[in-house]
Amino acid sequence: MGFLDIFDDINYMHWSLGFVTAEFFWDLFLILRQRRTVKDNRTANEDVKKLMDDETYVKSRLYSLEKINFGIIKDAYHELELLAITLTFFLAKLWNFSGKSIQFLGYTNELIQSNMFLLQTTILSFVVHLPWSLYRTFVIEERHGFNKMTIGFYFKDTLKKMAVSKS
(Lines give C-alpha, C1' and ligand atoms only; values in the text may rest on other atoms or scores of the structure.)
Protein backbone atom coordinates (compact mmCIF):
# COMPACT_ATOMS: atom_id res chain seq x y z
CA MET A 1 0.00 0.00 0.00
CA GLY A 2 1.49 3.30 -1.13
CA PHE A 3 1.17 6.72 0.42
CA LEU A 4 -1.37 7.93 -2.17
CA ASP A 5 -3.68 4.99 -1.49
CA ILE A 6 -4.86 6.64 1.71
CA PHE A 7 -6.64 9.25 -0.45
CA ASP A 8 -8.75 6.67 -2.32
CA ASP A 9 -11.54 6.51 0.26
CA ILE A 10 -11.96 10.24 0.80
CA ASN A 11 -15.28 11.75 -0.28
CA TYR A 12 -13.97 14.95 -1.79
CA MET A 13 -17.42 16.39 -2.46
CA HIS A 14 -18.37 16.21 1.21
CA TRP A 15 -15.02 17.64 2.31
CA SER A 16 -15.37 20.47 -0.22
CA LEU A 17 -18.88 21.24 0.98
CA GLY A 18 -17.62 21.16 4.55
CA PHE A 19 -14.92 23.71 3.79
CA VAL A 20 -17.30 25.93 1.83
CA THR A 21 -19.84 25.78 4.67
CA ALA A 22 -17.15 26.49 7.27
CA GLU A 23 -16.05 29.50 5.22
CA PHE A 24 -19.67 30.69 5.05
CA PHE A 25 -20.03 30.53 8.83
CA TRP A 26 -16.67 32.26 9.34
CA ASP A 27 -17.77 35.07 6.99
CA LEU A 28 -21.13 35.22 8.77
CA PHE A 29 -19.36 35.55 12.12
CA LEU A 30 -17.26 38.45 10.77
CA ILE A 31 -20.28 40.13 9.17
CA LEU A 32 -22.30 39.84 12.39
CA ARG A 33 -19.42 41.45 14.30
CA GLN A 34 -19.38 44.28 11.77
CA ARG A 35 -23.16 44.60 12.01
CA ARG A 36 -22.98 44.87 15.79
CA THR A 37 -20.34 47.60 15.50
CA VAL A 38 -22.42 49.59 13.01
CA LYS A 39 -25.59 49.08 15.04
CA ASP A 40 -24.00 50.10 18.36
CA ASN A 41 -22.24 53.24 17.07
CA ARG A 42 -25.29 55.49 16.85
CA THR A 43 -23.26 58.69 16.95
CA ALA A 44 -20.15 59.59 15.02
CA ASN A 45 -16.84 59.73 16.85
CA GLU A 46 -14.55 62.75 16.58
CA ASP A 47 -12.56 61.38 13.62
CA VAL A 48 -15.74 60.71 11.63
CA LYS A 49 -17.17 64.13 12.53
CA LYS A 50 -14.21 65.67 10.70
CA LEU A 51 -15.43 63.92 7.54
CA MET A 52 -19.23 64.26 7.77
CA ASP A 53 -22.00 65.90 9.75
CA ASP A 54 -24.30 63.97 12.12
CA GLU A 55 -27.18 63.72 9.64
CA THR A 56 -24.94 62.22 6.95
CA TYR A 57 -23.49 59.80 9.49
CA VAL A 58 -26.96 58.60 10.55
CA LYS A 59 -28.00 58.10 6.92
CA SER A 60 -24.75 56.28 6.16
CA ARG A 61 -25.17 54.05 9.21
CA LEU A 62 -28.74 53.10 8.31
CA TYR A 63 -27.72 52.38 4.71
CA SER A 64 -24.84 50.18 5.94
CA LEU A 65 -27.13 48.27 8.30
CA GLU A 66 -29.65 47.61 5.56
CA LYS A 67 -26.95 46.43 3.14
CA ILE A 68 -25.46 44.15 5.81
CA ASN A 69 -28.86 42.65 6.69
CA PHE A 70 -29.69 42.09 3.03
CA GLY A 71 -26.24 40.58 2.45
CA ILE A 72 -26.70 38.09 5.30
CA ILE A 73 -29.98 36.84 3.85
CA LYS A 74 -28.60 36.75 0.30
CA ASP A 75 -25.43 34.90 1.39
CA ALA A 76 -27.47 32.33 3.32
CA TYR A 77 -29.63 31.74 0.25
CA HIS A 78 -26.56 31.33 -1.95
CA GLU A 79 -25.05 28.86 0.50
CA LEU A 80 -28.23 26.76 0.42
CA GLU A 81 -28.31 27.05 -3.37
CA LEU A 82 -24.71 25.82 -3.63
CA LEU A 83 -25.45 22.88 -1.33
CA ALA A 84 -28.53 21.96 -3.35
CA ILE A 85 -26.73 22.24 -6.70
CA THR A 86 -23.88 20.09 -5.45
CA LEU A 87 -25.84 17.43 -3.58
CA THR A 88 -28.34 16.93 -6.42
CA PHE A 89 -25.57 16.82 -9.06
CA PHE A 90 -27.50 19.54 -10.88
CA LEU A 91 -24.57 20.62 -13.05
CA ALA A 92 -24.05 17.07 -14.30
CA LYS A 93 -27.75 16.90 -15.16
CA LEU A 94 -27.52 20.27 -16.91
CA TRP A 95 -24.48 19.03 -18.87
CA ASN A 96 -26.54 16.05 -20.07
CA PHE A 97 -29.42 18.37 -20.90
CA SER A 98 -27.11 20.60 -22.93
CA GLY A 99 -26.04 17.50 -24.89
CA LYS A 100 -29.66 16.65 -25.61
CA SER A 101 -30.32 20.27 -26.56
CA ILE A 102 -27.62 20.33 -29.21
CA GLN A 103 -28.66 16.89 -30.48
CA PHE A 104 -32.16 18.31 -30.92
CA LEU A 105 -30.56 21.05 -33.03
CA GLY A 106 -28.63 18.48 -35.04
CA TYR A 107 -25.17 18.77 -33.44
CA THR A 108 -23.03 16.32 -31.47
CA ASN A 109 -19.77 18.26 -31.03
CA GLU A 110 -18.48 18.57 -27.43
CA LEU A 111 -17.32 22.14 -28.07
CA ILE A 112 -20.84 23.12 -29.09
CA GLN A 113 -22.18 21.27 -26.04
CA SER A 114 -19.77 23.26 -23.85
CA ASN A 115 -21.05 26.51 -25.31
CA MET A 116 -24.66 25.39 -24.84
CA PHE A 117 -23.86 24.48 -21.22
CA LEU A 118 -22.29 27.92 -20.69
CA LEU A 119 -25.34 29.59 -22.22
CA GLN A 120 -27.73 27.57 -20.08
CA THR A 121 -25.81 28.20 -16.84
CA THR A 122 -25.61 31.91 -17.67
CA ILE A 123 -29.36 32.13 -18.26
CA LEU A 124 -30.19 30.15 -15.12
CA SER A 125 -27.80 32.21 -13.02
CA PHE A 126 -29.29 35.43 -14.39
CA VAL A 127 -32.85 34.32 -13.62
CA VAL A 128 -32.02 33.03 -10.12
CA HIS A 129 -30.01 36.10 -9.11
CA LEU A 130 -32.26 38.68 -10.77
CA PRO A 131 -34.64 39.19 -7.79
CA TRP A 132 -31.68 39.84 -5.46
CA SER A 133 -30.15 42.37 -7.81
CA LEU A 134 -33.47 44.11 -8.48
CA TYR A 135 -34.22 44.38 -4.76
CA ARG A 136 -30.78 45.79 -4.00
CA THR A 137 -30.94 48.31 -6.85
CA PHE A 138 -34.58 49.39 -6.81
CA VAL A 139 -35.45 49.03 -3.14
CA ILE A 140 -32.35 49.46 -0.98
CA GLU A 141 -30.39 51.85 -3.20
CA GLU A 142 -33.50 53.84 -4.07
CA ARG A 143 -34.63 54.06 -0.43
CA HIS A 144 -31.34 55.73 0.41
CA GLY A 145 -31.27 57.97 -2.66
CA PHE A 146 -28.47 56.23 -4.58
CA ASN A 147 -30.40 54.71 -7.47
CA LYS A 148 -30.73 56.88 -10.56
CA MET A 149 -31.31 53.94 -12.88
CA THR A 150 -34.51 53.11 -14.74
CA ILE A 151 -35.62 49.51 -15.12
CA GLY A 152 -34.96 49.69 -18.87
CA PHE A 153 -31.43 50.96 -18.37
CA TYR A 154 -30.88 48.30 -15.70
CA PHE A 155 -31.67 45.46 -18.12
CA LYS A 156 -29.73 47.07 -20.95
CA ASP A 157 -26.70 47.48 -18.69
CA THR A 158 -27.04 43.92 -17.34
CA LEU A 159 -27.19 42.45 -20.85
CA LYS A 160 -24.10 44.44 -21.84
CA LYS A 161 -22.23 43.12 -18.81
CA MET A 162 -23.24 39.57 -19.67
CA ALA A 163 -22.12 39.99 -23.28
CA VAL A 164 -18.76 41.45 -22.29
CA SER A 165 -18.09 38.79 -19.64
CA LYS A 166 -18.85 35.94 -22.04
CA SER A 167 -16.82 37.27 -24.98
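What you are looking at is a predicted structure, and each value in this text was computed from that prediction instead of being measured.

Draft legend 1. Here's a closer look at helix α5 (residues 110-143). Between its first and last C-alpha, α5 extends 47 Å over 34 residues, near the 50 Å set by a 1.5 Å rise per residue. The sharpest bend along α5 reaches about 45° and sits at His-129, with the proline Pro-131 one to four residues further on. Restricting attention to buried positions, one finds in α5 the residues Gln-113, Met-116, Gln-120, Thr-122, Leu-130, Trp-132, Ser-133, Thr-137, Phe-138, Ile-140 and Glu-141. On its buried face, α5 is in contact with α3 (54-87), α4 (90-104) and α6 (151-166). Backbone geometry just downstream of α5 places Gly-145 in the positive-phi region, at approximately 80°.

Draft legend 2. Broad picture of the side chain of Glu-141. Structurally, the position occupied by Glu-141 is in helix α5. A distance of 2.7 Å separates polar atoms of two side chains, one belonging to Glu-141 and the other to Tyr-63. The residues contacting Glu-141, other than those within four sequence positions of it, are Tyr-63, Lys-67, Arg-136, Phe-146 and Asn-147.

Draft legend 3. View of the packing of helix α1 (residues 12-40) against α3. In contact at an axis separation of 10 Å, α1 and α3 are set at 170° when each is read in the N-to-C sense. One element, α1, and the other, α3, form an angle in the roughly antiparallel class. Looking at the contact of α1 with α3 residue by residue, the class counts come to 15 nonpolar, six polar and five charged.

Rules used in this analysis
- The written sequence of each chain sets the order in which its residues are numbered from 1.
- Only residues with pLDDT of 70 or above have their local features reported here, since the model is predicted, and side-chain atom pairs are shown and tallied only from 80 upward, although totals for entire chains, interfaces and linings are computed over all residues.
- Just so you know, side-chain values use all the structure's heavy atoms and leave hydrogens and water out.
- The helix count covers DSSP runs of H or I at least four residues long, the strand count covers runs of E at least two residues long, and both are numbered beginning at the N terminus.
- Take the residue count of a helix, subtract one, and multiply by 1.5 Å to get its expected span.
- One fitted axis covers the seven residues ending at a residue, a second covers the seven starting there, and the bend at that residue is the angle between these axes.
- Here the term buried applies to any residue with accessible area under 20% of the maximum for its type, exposed to any over 50%, and partly exposed to those in between, with areas from a 1.4 Å probe on protein chains only.
- Note on contacts: a residue pair qualifies if any of its non-hydrogen atoms lie within 4.5 Å across the two residues.
- Polar contacts here mean pairs of N or O atoms no more than 3.5 Å apart (in protein, one a potential hydrogen donor and the other a potential acceptor; neighbouring residues in sequence count only if both atoms are side-chain atoms).
- Fitted lines through C-alpha atoms give the axes, limited to the stretch in contact for helices. The angle between two N-to-C directions lies from 0 to 180 degrees.
- Here is the rule for angles: anything less than 35 degrees is roughly parallel, anything more than 145 is roughly antiparallel, 65 through 115 is roughly perpendicular, and the remaining ranges are oblique.
- Polarity classes work like this: nonpolar for Ala, Val, Leu, Ile, Met, Phe, Trp, Tyr, Cys and Pro, charged for Asp, Glu, Lys and Arg, and polar for all others, with Gly in that last group.

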